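# Structural features, examined
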Amino acid sequence: MSSVPIKLLSEAQGHIVSLELINGETYKGRLVESEDNMNVQLQDVLVTGTDSKQSRMDQVFVRGSHIRFFVLPSMLQKAPLFKTGPQSKQLPPVRGPRRR
């Protein structure tokens, strides 16, 4: 079973995300795919180096262990993952005769 950050990253697929690597570089692009170990594939990427130089890449794959943090779209705050309220719990099986 996946944890909440992994599920949230899956919800962000197809949206524009930003991420910062442990070396200080930032990547901003459309999230194409994410894996359980947080490896990600981005498309139409703007890369900003530690020296503030910017470059464009069509596609990039980033290893999850090199990522410091993600910036996800604020619209994901309303993702079904965060719904609170009455959960539809399944009732335990009835043992013995039912009471009226």
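Predicted, not measured: the structure shown is a model, and the values here were computed from it.

## Overview of the overall build of the chain
What the chain contains, in helices and strands, is one helix and five strands. Counted from the first residue to the last, the chain has its helices and strands arranged as α-β-β-β-β-β. When each of the 100 residues of the chain is scored for burial, the buried share is 27%. In the chain, of all internal contacts separated by at least 6 residues, the share reaching a separation of at least 24 is 42%.

## Remarks on the nonpolar core
Counting 16 residues, the largest nonpolar core has Leu-19, Tyr-27, Leu-31, Val-40, Leu-42 and Val-62 as the members making the most contacts within it. Secondary structure elements with two or more residues in this core: helix H1 (4–11), strand S1 (16–21), strand S2 (26–34), strand S3 (40–48) and strand S4 (54–62). For this core, the leading source of residues is S3, giving four residues.

## Brief notes about unusual backbone geometry
Leave glycine aside and you will find that most residues have negative phi; peptide bonds, for their part, are mostly trans. For Met-38, which is not glycine, the phi torsion reads 70 degrees and is therefore positive. One can find Met-38 in the loop between S2 and S3. Residue class for Met-38 comes out partly exposed when judged on its relative accessible area of 25%. Residue Asp-44 is not a glycine yet carries a positive backbone phi of 50 degrees. As for its placement among the helices and strands, Asp-44 is situated in strand S3.

Cut-off values and rules
- Residues numbered from 1 in each chain as written.
- Predicted model: local features only at pLDDT ≥ 70, side-chain atom pairs only at ≥ 80, totals over all residues.
- Heavy atoms only, no water.
- Helix = DSSP H or I, 4+ residues; strand = E, 2+ residues; numbered from the N terminus.
- Buried < 20%, exposed > 50% of the residue type's maximum accessible area, 1.4 Å probe, protein only.
- Contact = heavy atoms within 4.5 Å.
- Core = buried A, V, L, I, M, F, W, Y, C linked by side-chain atoms within 4.5 Å.

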